[in-house]
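Fold and geometry: a report
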Amino acid sequence: MGIELSKPDREQAVASIERYFREHFDEKIGNIAASGLLAYFLEDIGPSIYNRAVADVQARLQARVAEVEIGRASCRE
């Protein structure tokens, strides 16, 4: 399952891909090719990046909850 972008976000991402190709490869990539590349990233690579971000957030939240629990335990002493 790929990641869905709003129309403005998709347009901005396509423009960014086009700019990247101009700046780094001295080549022009067309709108259709840039859209296809974006679709590939969102479908094949996006979910693993998303899952990693969710796991990172969960780990940070668990660490914060542990800190709160330690603080509560020390207040009871």
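Residues numbered from 1 in each chain as written. Predicted model: local features only at pLDDT ≥ 70, side-chain atom pairs only at ≥ 80, totals over all residues. Heavy atoms only, no water.

Moving on to the nonpolar core. Residues A13, V14, I17, I29, A34, L38 and L42 constitute the largest nonpolar core, which totals seven residues. If you list the elements that add at least two residues to this core, you get α1 (7–25) and α2 (31–76). The contact partners of A34, leaving out residues within four places of it in the chain, are V14, I17, E18 and I29. (Core = buried A, V, L, I, M, F, W, Y, C linked by side-chain atoms within 4.5 Å. Buried < 20%, exposed > 50% of the residue type's maximum accessible area, 1.4 Å probe, protein only. Helix = DSSP H or I, 4+ residues; strand = E, 2+ residues; numbered from the N terminus. Contact = heavy atoms within 4.5 Å.)

In this structure the tally under the stated criterion is two salt bridges. Linking D56 and R52 is a salt bridge whose minimum nitrogen-to-oxygen distance equals 2.9 Å. Placement of the pair is D56 and R52 together in helix α2, with a separation of four residues, close to one helical turn. Residue classification places D56 among the partly exposed residues on the basis of a relative accessible area of 31%. Judged by its relative accessible area of 54%, R52 falls in the exposed class. Ionic pairing is found between R64 and E67, a salt bridge with its closest N-O pair at 2.6 Å. Of this pair, R64 and E67 both sit in helix α2, three residues apart, which is roughly one turn of the helix. For R64, a relative accessible area of 51% corresponds to the exposed category. (Salt bridge = Lys/Arg side-chain N within 4 Å of Asp/Glu carboxyl O.)

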